[in-house]
Amino acid sequence: MKNVTDSFVFLGQWPPAGSFGFNTDIFATNPINLSIVLGVLIFFGKGVLSDLLDNRKQRILDTIRNSEELREGAFEQLEKARARLRKVEIEADQFRTTGYSEIEREKLNLINSTYKTLEQLENYKNETIHFEQQRTINQVRQRVFQQALQGALGTLNSCLTNELHLRTINANLGMFGTIKEITD
């Protein structure tokens, strides 16, 4: 063990500004100590290095396995998302189709409703015009009748004398009597 520590002490005593090169002095390099150190390192380090490499290999395999599982999970999620997307697209097409047909139906309903309203308004207009025509005709008739009556009264008043008046009254009374007997 002393040789191992001596070699490290020897390494610490190198001159700080020396030149780099091969030391051909066998006693200065101490090849036996170096070979022992190398042998010990290889003997003990082989197990440690093998364990490190095995651990590294296992971590790499675990990482690959996890990556494969994550990839498969991501692929499954992607397939589920695609299926949901297809379902949503189908529903959207159905809504779009339903919406268009609903819009067309509402448009036709509105057109029909407007047409019926216009027909009703046209009928009301025609009824109002007919009513106003009848009212106007009645007013004209009443005015013509009043004027004719006033004219007839004026003619009667100017033409009738008391005697003619009494004869007309008697004739009318006779007609009323006859009508009364017929109805009884």
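Rules and cut-offs
- Residues numbered from 1 in each chain as written.
- Predicted model: local features only at pLDDT ≥ 70, side-chain atom pairs only at ≥ 80, totals over all residues.
- Heavy atoms only, no water.
- Helix = DSSP H or I, 4+ residues; strand = E, 2+ residues; numbered from the N terminus.
- Areas by Shrake-Rupley, 256 points an atom, 1.4 Å probe, with all protein chains shown as cover.
- Salt bridge = Lys/Arg side-chain N within 4 Å of Asp/Glu carboxyl O.
- Buried < 20%, exposed > 50% of the residue type's maximum accessible area, 1.4 Å probe, protein only.
- pLDDT = per-residue confidence, 0-100.
- Contact = heavy atoms within 4.5 Å.
- Expected span 1.5 Å × (residues − 1).
- Patch = residues over 30% accessible without salt bridge, like charges linked within 9 Å, V, L, I, M, F, W, Y side chains within 5 Å.

1. A few points about the overall build of the chain
- In terms of helices and strands, the chain carries four helices and zero strands.
- For the chain, the α and β elements follow one another from N to C terminus as α-α-α-α.
- In the structure as shown, the chain presents an accessible area of about 17,200 Å², 63% of it carried by carbon and sulfur atoms.

2. Some remarks on the pattern of salt bridges
- With the rule as written, the count across this model stands at nine salt bridges.
- Taking the shortest distance from any N to any O, the salt bridge between Arg71 and Glu68 comes out at 3.4 Å. A residue pair is termed a helical-turn pair when its members lie 3 or 4 positions apart in one helix, as Arg71 and Glu68 do in helix α3 (residues 31-159) at three residues.
- Here Glu68 falls in the partly exposed class, since its relative accessible area comes to 36%.
- Taking the shortest distance from any N to any O, the salt bridge between Glu102 and Arg105 comes out at 2.5 Å.

3. Description of the confidence of the model for the chain
- Residues of the chain with pLDDT of at least 70 account for 82%, and the chain-wide mean is 82.
- Between the elements of the chain, mean pLDDT differs from a low of 51, seen in helix α1 (residues 2-12), to a high of 88, seen in α3.
- Below pLDDT 50 for its whole length, residues 8-12 participates in one contact with residues either more than four positions away or in separate chains.

4. Some points on helix α4 (residues 162-183)
- Under the 1.5 Å per step criterion, the end-to-end length of α4 is 32 Å for 22 residues, consistent within 8% with the ideal 32 Å.
- Of all 22 residues in α4, zero are buried; the element is thus mostly exposed.

5. Structural notes on a nonpolar patch on the surface
- A cluster of nonpolar residues, Leu166, Ile169, Leu173, Phe176 and Ile179, forms a patch on the protein surface that exposes about 520 Å² of accessible area.
- For Leu173, the location among the structural elements is in helix α4.
- According to the relative accessible area criterion, Leu173 is exposed, its value standing at 53%.

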